[in-house]
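An overview of the molecular structure
Chain residues, written in single-letter form:
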Amino acid sequence: MSIMDYAIEGYKNVQAKQYIGIFGNPIKHTLSPVIHDTLSKSLGVDERYIPFHITDNLKAAVESAYDEGILGLNITVPYKQEIMPYLVDIDPAAKAIGAVNTLVRTDVGYMGYNTDMPGLAKAIFSEGMELKDSKVVMLGAGGAARAVAYMCLYYGAKRVYIINRTFEKAKSIADDINMEFGKDCIIPLSSRDYKSIPEDRYIFIQCTSVGLHNGDGLPLVDDRGFYQMAECGVDLIYNPAKTPFLQLIEEMGGKAFNGLKMLLYQGIMAYELWNQVEISEELANIVYSELKNTVYSK
Ligand code: ATR
């Protein structure tokens, strides 16, 4: 089977000198082509980004992609862990996070990276926030939260509380990431115990799937007063633009940011790895406008 057989409708006959793309399931609604095709167009590079719908046999799909010269790939749900055995090497940060979202072609196969984590950090820095010596409250302890916890310690956060409905999952992340950095500054909490967090100013990061798509659902901690401690709040969700969590952050006087900039920068960082280029902030802003038009004008 050729790799192009996996391309979704509308992309099967795309012609270009070079191809990059994404593996996922479902994949029809991915916004990544907006990021990468805008970058290639702006830079005058004859390269197109193809969404590949992979329903089974991930190994065969990766082999086809490599044999047919695909320069690089993004990997999304549900394959960020499953892809790992099919790579020649994995960047240490991606290994520690336990998820790969970017494959970069080498002479002997694909190497795996995680650009979600530095992408979020860049998004946070671009909004004028600092992680060094920061105090963070994270809501949620799934796959995305593990990358966020790693990011917090990697960039020098002083203390991180992870609140989750299922305490064991918060504890597992705290144990693993504390050990990775030889620290004990991540503290896991059950959502019933959020009041044990001392009064202070925090960066809040929302990593649960509550509010995804239709904006329904109550924030993990449904107590307005709690959000008074938020200097700012970041939600990994970008659609809807304002989740119930971000609404609360704003109402309680904090600055609120959704996940669209994280999506932007994880894509830009992957593009930089594939094409060995540095994307300027000016071009990043152009891509960001394109993304906003695509997501929010529907
Ligand atoms: P992702 O890869 O996006 O992180 P995930 O690994 O499935 O997705 O994690 C989803 C997160 O959202 C988890 O923290 C989950 O809480 P549990 O660990 O207790 O399952 C959280 N979550 C999902 N739906 C929730 C809800 N209705 N209320 C509270 N937390 C919820």
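You'll find the structure just up there.
Attention in this report is confined to the structure presented alongside it. What you see is a predicted model; the values in this text were computed from it and never measured. (Residues numbered from 1 in each chain as written. Predicted model: local features only at pLDDT ≥ 70, side-chain atom pairs only at ≥ 80, totals over all residues. Heavy atoms only, no water.)

From N to C terminus, the chain includes nine helices and 12 strands. Compactness check: the chain gives a C-alpha radius of gyration of 19 Å against a globular reference of 19 Å for 298 residues, within 12% of the reference. Summing over all exposed atoms, the chain offers an accessible surface of approximately 13,700 Å²; the carbon and sulfur share of this is 49%. (Helix = DSSP H or I, 4+ residues; strand = E, 2+ residues; numbered from the N terminus. Rg over C-alpha atoms; globule rule 2.2 N^0.38 Å. Areas by Shrake-Rupley, 256 points an atom, 1.4 Å probe, with all protein chains shown as cover.)

As a further point, take the site of the ligand. Taken together, 13 residues surround the ligand, and among them A141, N164, R165, T166 and K169 come closest. Here an oxygen atom of the ligand and a side-chain polar atom of K169 are 2.8 Å apart. A total of 650 Å² of accessible area belongs to the ligand in isolation, and the protein chains cover 63% of it. Partitioning the shell around the ligand into residue classes produces four nonpolar, seven polar and two charged. (Near = heavy atom within 4 Å. Polar contact = N/O pair within 3.5 Å; in protein donor to acceptor, adjacent residues only side chain to side chain. Nonpolar A, V, L, I, M, F, W, Y, C, P; charged D, E, K, R; others polar.)

Of all the positions in helix α2 (residues 58-67), only L58, A61, V62, S64, A65 and Y66 are classed as buried. Buried positions along α2 lie against β1 (18-24), β3 (72-75), β5 (102-106) and β6 (109-113). Looking one or two residues beyond α2, the residue adopting positive phi is G69, at roughly 85°. (Buried < 20%, exposed > 50% of the residue type's maximum accessible area, 1.4 Å probe, protein only. Contact = heavy atoms within 4.5 Å.)

Another aspect to go through is the sheet that holds strand β11 (residues 230-235). Judged by pairing direction, the sheet is parallel, and its six strands sit side by side in the order β9-β8-β7-β10-β11-β12 without closing on themselves. Each end of this open sheet is capped by a strand with a single partner; those strands are β9 (186-190) and β12 (255-257). Taken pair by pair, the neighbouring strands of this sheet meet at an average axis angle of 20°, ignoring direction. Bridge count for strand β7 (residues 135-139) against strand β10 (residues 202-206) is four bridges, and the pairing is parallel. Pairing of M138 across the sheet is with I205, part of β10. The sheet strands contacting helix α6 (residues 167-181) are β8 (159-164) and β9, and the helix crosses β9 at an angle near 175°. (Pairing = 2+ DSSP bridges. Axes fitted to C-alpha atoms, helices over the stretch in contact; angles between N-to-C directions.)

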